[in-house]
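# Close look at the chain arrangement
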Amino acid sequence: MIRRTFLLITFHLFTSYCFAQSLDISITRGTDLDFTFTTIRQYTNGIIRPNATEFRVESTAEWDLYVGAQTITPGQWDLITSYSSAGSSTVPVSILEIRAVSPGGTSQQNTFFQLQDVSNPVYLIGSGADDALVNSGVGTNAPGDGSNNPFTHRFRVDYKLTPGMGYRPGVYSLTVVFTVAEDL
């Protein structure tokens, strides 16, 4: 018997506007991803979608960039439909791993990391605190845009989904939220 699980990821990009500063995040490729698991090897080793999403940041102020999952029940994939009653339908968002890199290597997360709920996001640039201005290198948060600063303001995102065998076969969904905000 082949267990088939279909996982759907959608993306939302949020921009924060404050005072006269301008912040924008634009997705340039990859708004919907599908992962279909049909072999035991895929369930246990996962499926990787390299360079599945690309986006650029434009800002006239210092900025932070972070990512998290948005679901109906925080921290769990949304179950759309199930094919069986075997296994658990409580699937943690952490089975999805992300790697977001810029050509200049500025992301603070340069290896795969487990996705977390948007209420506890992972910072790719900056932190929840007021950060010092970084003009180059890891954590670059200087004002600029993806056209004039492609090494620091453009990002490519790889996704790795490894569900294992313990979850109920079905269709699951979650939304990955990338947010750019002024560093305050």
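Look above for the structure.
Residues numbered from 1 in each chain as written. Predicted model: local features only at pLDDT ≥ 70, side-chain atom pairs only at ≥ 80, totals over all residues. Heavy atoms only, no water.

### Points about the environment of isoleucine 72
What counts here: Secondary structure elements follow DSSP: runs of H or I no shorter than four residues count as helices, runs of E no shorter than two count as strands, and numbering proceeds from the N terminus.
Note that isoleucine 72 resides in the loop between β5 (63-70) and β6 (78-82). Taking the C-alpha atoms as reference, isoleucine 72 lies 9.9 Å from threonine 175; in sequence the two are 103 residues apart.

### Focus: the pairing of strand β4 (residues 47-59)
Convention followed: Any two strands between which DSSP finds at least two bridges are classified as paired.
Sheet analysis places strand β2 (residues 23-29) next to β4, joined by six bridges and oriented antiparallel. Counterpart to arginine 29 in the pairing with β4 is glutamate 54. In the sheet, β4 pairs with strand β10 (residues 154-161) via seven bridges, with the strands oriented antiparallel. Residue pairing in the sheet places isoleucine 47 in a bridge with leucine 161 of β10.

### Some words on the sheet that holds β10
One open sheet holds the five strands; their spatial order is β2-β4-β10-β7-β8, and the pairing between them is antiparallel. This sheet does not close on itself; its edge strands, each paired only once, are β2 and β8 (113-114).

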